[in-house]
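Reading the structure
Residue-level listing of the chains:
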Amino acid sequence: MTDFPRMSISLGSRLVATLVFALAAVAGAQSSVGGVIAGVVHDADSRPVAGADIMIRPGDHRARSDSAGRFTIGGLGADRYFVRARKLGYGPTQFDVALSKGGRVEIRLVFDMHLPMLDTIVVTAGRTCAEFSLEGFVCRRRSGSGVFLDYTDIDDKGAQYTADVFRDMKGLRVNVRPTRHGPERYVGTSLMSGCVTSLVDGRPATAATFVPQFPEDLVAIEVYVRPDSVPTEYRRYTWPAGDVTRSGRCAVIVYWTLRARLRR
């Protein structure tokens, strides 16, 4: 008779220990998963879009939508995130998400802007390349002078910031300067006395039309490291302010954004 209570106590202790271990395992699993942002990608006609690249910032979290347009990204901490979807043939779309600790948010991303493949743009022969439209980018790329990156080439660089696209480009280097908003990356030449003129959609960059910070906001880039390689329509931008010698002329970089027109 006296053995049964001891047996019951032993069995009960094992059950409690097993339950505690199981709860700890579940808690550990939930901790490793963290917060989750999931959703679906549609086009303007509400059809699911497969193969869209999903990127979440801050951090470098990525996924690709499945055949139903769905995606899931876990392991996220409590923060405010920018979720961006990108796919060839569409302009990128973005969604802002406030995620709580261990939370889950479902979103819907819609590609509402069709972006033709650059190679499908028809260039009329016998004309000077357009200065303020993507037609000019295609025209100048066919001429072979300079370096030309379309949005597939830009994506292949895997750069987090636009300036990092040029990190391995001969004749250029990425510099960092302090600003009131924190360190800022910018592109310079590898020459001590060199300069770079930045154009956005064919016009000089200004406070209103600035170079996009993130490469996902770009459609294409033209790079002319040697001033003598700059095409006629942009040659005036190789001369910085002041009286300089020929060796003091600037390199020219043309950034094309989603605001750029297809035709001049």
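Figured I'd write up the structure that's included with this text. (Residues numbered from 1 in each chain as written. Predicted model: local features only at pLDDT ≥ 70, side-chain atom pairs only at ≥ 80, totals over all residues. Heavy atoms only, no water.)

Strand pairing in a sheet is mediated by backbone hydrogen bonds. Such pairs are either parallel or antiparallel. Across the sheet, five strands lie side by side as β8-β13-β14-β11-β12; this open sheet has mixed pairing. Every interior strand has two partners, whereas the edge strands, β8 (147-150) and β12 (203-204), have only one. (Pairing = 2+ DSSP bridges. Helix = DSSP H or I, 4+ residues; strand = E, 2+ residues; numbered from the N terminus.)

This part takes up the sheet that holds strand β1 (residues 35-43). Spatial strand order, β4-β1-β7: three strands in an open sheet with mixed pairing. Where the open sheet ends on each side, the last strands, each with one partner, are β4 (70-76) and β7 (104-111). Between one strand and the next, the sheet's axes are offset by a mean angle of 20°, whatever the strand orientation. The pairing of β1 with β7 spans eight bridges and is parallel. (Axes fitted to C-alpha atoms, helices over the stretch in contact; angles between N-to-C directions.)

Before going further, it helps to examine the nonpolar core. For soluble globular proteins, the rule of thumb is that nonpolar side chains tend to be buried together. Residues I37, V41, I54, V83 and L109 are the most contacted members of the largest nonpolar core, which totals 18 residues. Counting only elements with at least two residues in this core, the list comes to β1, β2 (53-57), β4, β5 (79-86), β6 (93-99) and β7. Beyond its immediate stretch of four places on either side in the chain, V83 contacts I37, I54, M55, I56, T93, Q94, F95, V97, I107 and L109. In this structure, V230, Y237, V252 and V254 belong to the second largest nonpolar core, which totals 16 residues. (Core = buried A, V, L, I, M, F, W, Y, C linked by side-chain atoms within 4.5 Å. Buried < 20%, exposed > 50% of the residue type's maximum accessible area, 1.4 Å probe, protein only. Contact = heavy atoms within 4.5 Å.)

Attention now moves to the side chain of S65. Relative to the elements of secondary structure, S65 occurs in the loop between β3 (61-64) and β4. A polar atom in the side chain of S65 sits 2.8 Å from the backbone oxygen of V49. Apart from the residues lying within four places of it in its own chain, the contact partners of S65 are V41, V49, A50, G51, A52, R70 and F71. (Polar contact = N/O pair within 3.5 Å; in protein donor to acceptor, adjacent residues only side chain to side chain.)

Roughly 850 Å³ of internal volume is contained in the largest pocket. What lines the largest pocket is a set of 26 residues, and nearest its centre among them are E184, R185, V211, P212 and Q213. At the level of secondary structure, the elements contributing two or more residues to the lining of the largest pocket comprise β9 (172-179), β10 (182-189) and β14 (251-257). For the lining of the largest pocket, the element with the most residues is β10, which contributes six residues. Here the residues of the lining of the largest pocket are counted per class, giving 14 nonpolar, seven polar and five charged. (1 Å grid on protein atoms, 1.4 Å probe; cavity = no way out; pocket = protein on both sides within 12 Å on 5 of 7 lines; lining within 4 Å. Points joined across faces, edges and corners; volume = space filled by probe spheres on them. Nonpolar A, V, L, I, M, F, W, Y, C, P; charged D, E, K, R; others polar.)

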